[in-house]
Amino acid sequence: MRFAPSALVVAVLSGLSFNALADVNIYGKANVTMQSSDEGEGSFTEIKSNASRLGFKGTENLSDGLDVVYKFEFQVDVSDADSKGDDDNITARNQYVGLKGNFGQVVVGRNDTALKQSQGKVDLFSDLEGDIKNIFKGENRLGNSVTYTSNSYGGVKLIASYIAEDDVDADDGYSVALTYGDQGLKETKLFASVAADSDVKGYDIVRATVQTKLAGFKLGAMYQTQEPAEGGEDADGFLVSASYAIDKTVLKAQYQTMDFDGLDRNGITAGVDYKFNKNTKLFGFYTKFEDDAAENDEDYLGLGIEYKF
């Protein structure tokens, strides 16, 4: 079913009580690139909407020490919308409701798995062509899920996801992560995590991530092993990333690789951001993928703008 954006806003807000509406946070971002893409059969020019989104989130106090929390987030493809309504340019992102208290937070609905959350901000090109999801398994946002997040104890948090497969012939999945520090590296100079998936979207995965600040640089690394839950060849790989800020300009680079039984898939991305303010930036990037199992490499050169609200 399709909704016009105005109807979508009315539908979501009408489902909230007056008290909750007073505390609702409406947020989003538009991220659009014009890029030259070559996926092995020749280059072409395209306009891409990179996980542009609109969201509503908030809390409402139920009693002392207990709140209800909610989020309804929608991805909006601002580059492909059809005036006749033929293109389905609105899709679901994280959408859940739950409770928060001294025990931590429990939410039910559609959410990023614990393993996906454990990456922090080590992926400097998230939602662009250089996103780690193009090489690494485990970047899952799944429905039919329950996610628990503990409160912070000395900077340490536990995240656990249960994914009901909703099928008599399928196994339920589990995802767990232990994290330390602040993902944004604002309160701490170190973020680290270990995480694992068991039969989540058909894979068993172990992942370790670390990111830190050092002499003006933000440096990150990730190591991962993955194998099909039903048996098959395992694979292992790693990612390294680095960024350096010069006034309003941020220089970024990232390398990632995965070894599939001797056949490697590698990706390298370099980019630059220019921040007008905390909400608006111009950016450019170049991404190249090399795959031993493919005849041709993939190349992407893009220039874009992002605005957050």
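Residues numbered from 1 in each chain as written. Predicted model: local features only at pLDDT ≥ 70, side-chain atom pairs only at ≥ 80, totals over all residues. Heavy atoms only, no water.

1. Quick look at unusual backbone geometry
Even without being a glycine, L185 presents a positive backbone phi close to 55°. What makes L185 buried here is its relative accessible area of 2%. Of note, K201 is a non-glycine position whose phi angle comes to about 55°, a positive value. By secondary structure assignment, the location of K201 is in the loop between β10 (190-200) and β11 (203-214). (Buried < 20%, exposed > 50% of the residue type's maximum accessible area, 1.4 Å probe, protein only. Helix = DSSP H or I, 4+ residues; strand = E, 2+ residues; numbered from the N terminus.)

2. Let's talk about a nonpolar patch on the surface
Taken together, the side chains of V156, L158, L178, Y180, L190, V194 and V210 define a hydrophobic patch exposed on the protein surface, amounting to about 520 Å² of accessible area. Of all the secondary structure elements, the ones that give two or more residues to the nonpolar patch are β8 (156-163), β9 (173-181) and β10. Its place among the elements puts L178 in strand β9. (Patch = residues over 30% accessible without salt bridge, like charges linked within 9 Å, V, L, I, M, F, W, Y side chains within 5 Å. Areas by Shrake-Rupley, 256 points an atom, 1.4 Å probe, with all protein chains shown as cover. Salt bridge = Lys/Arg side-chain N within 4 Å of Asp/Glu carboxyl O.)

3. Quick word on the nonpolar core
Among the nonpolar cores identified, the biggest contains 15 residues, and F136, M222, L239 and F285 are the most heavily contacted of them. Of all the secondary structure elements, the ones that give two or more residues to this core are β13 (235-246) and β16 (280-291). It is β16 that provides the largest number of residues to this core, a total of 3 residues. Leave out the neighbours within four places in its chain, and F136 touches R207, M222, Q224, Q226, G237, F238, L239, Q256, T257 and M258. (Core = buried A, V, L, I, M, F, W, Y, C linked by side-chain atoms within 4.5 Å. Contact = heavy atoms within 4.5 Å.)

4. Things to note about the packing of aromatic side chains
As enumerated under the stated definition, the model contains 6 aromatic pairs in all. Here Y70 and F72 contribute two aromatic rings whose centre-to-centre distance is 6.2 Å and whose plane-to-plane angle is 35°, an arrangement assigned as tilted. Ring centres 5.2 Å apart and planes at 85° place the aromatic pair Y274 and F276 in the edge-to-face group. Directly above the ring of Y27 sits K57, whose terminal nitrogen or CZ lies 5.0 Å from the centroid. (Phe/Tyr/Trp six-rings, centres within 6.5 Å; stacked < 30°, edge-to-face > 60°. Lys NZ or Arg CZ within 6 Å of the ring centre and 35° of its normal.)

5. Some remarks on a negative patch on the surface
Side chains of E227, E233, D234, D236 and D261 sit close together on the surface and give a patch of like negative charge. Relative to the assigned elements, E227 resides in strand β12 (residues 217-228). By relative accessible area, which is 35% here, E227 ends up partly exposed. (Lys, Arg positive; Asp, Glu negative; His and termini not counted. Charge placed at Lys NZ, Arg CZ, Asp CG, Glu CD.)

6. Details of the side chain of T209
Examined against the element boundaries, T209 turns out to sit in strand β11. Ignoring anything within four residues of it in the chain, the contact list for T209 reads S118, Q119, V122, F191, A192, S193, A221 and M222.

7. Section: the pairing of β8
Pairing geometry for strand β7 (residues 141-149) and β8, over 5 bridges, is antiparallel. From the neighbouring strand, S145 faces β8, where its bridge partner is I163. Hairpin remark: β7 followed by β8, antiparallel, with 6 residues in the connecting loop; positive phi at G154, about 65°. As paired elements, β8 and β9 share 8 bridges and run antiparallel to each other. In the sheet register, S161 faces β9, and the bridge partner there is S175. (Pairing = 2+ DSSP bridges.)

8. A look at a positive patch on the surface
On the surface, a cluster of positive charge is made up of K121, K186, K189, K213, K218, K275 and K278. Note on placement: K186 falls in the loop between β9 and β10.

9. Details of the pattern of salt bridges
The final tally for this structure, using the stated rule, is 15 salt bridges. Between R207 and E139 there is a salt bridge, with the nearest N and O atoms lying 2.8 Å from each other. Taken together, the residues R207 in strand β11 and E139 in the loop between α3 (114-117) and β7 connect sequence positions 68 residues apart. Judged on exposure class, the residue R207 and its partner E139 are both buried.

10. Structural notes on the confidence of the model for the protein chain
On average, residues of the protein chain score 90 in pLDDT, and 89% of them reach the 70 mark or higher. Element-level pLDDT for the protein chain is lowest in helix α1 (residues 5-14), with a mean of 51, against a maximum mean of 98 in α3. For the stretch residues 1-6, pLDDT sits under 50, and the model shows 6 contacts to residues farther than four places along the chain or on other chains. (pLDDT = per-residue confidence, 0-100.)

11. Focus: the pairing of strand β14 (residues 249-260)
Here 12 bridges tie β13 to β14, and the two strands are oriented antiparallel to one another. Opposite S241, over in β14, you have Q254 as the bridge partner. The antiparallel pairing of β13 with β14 creates a hairpin that spans 2 residues between the two strands, and D247 there sits at a positive phi of about 55°. Sheet topology places β14 next to strand β15 (residues 263-275); 12 bridges connect them, and they run antiparallel. Looking at the pairing, M258 lines up with R265 of β15.

12. Quick word on the side chain of N31
One can find N31 in strand β1 (residues 25-38). For N31, a relative accessible area of 5% puts it in the buried group. Apart from residues lying up to four places away in sequence, N31 is in contact with K48, S49, N50, S52, L128, F283, I305 and E306.

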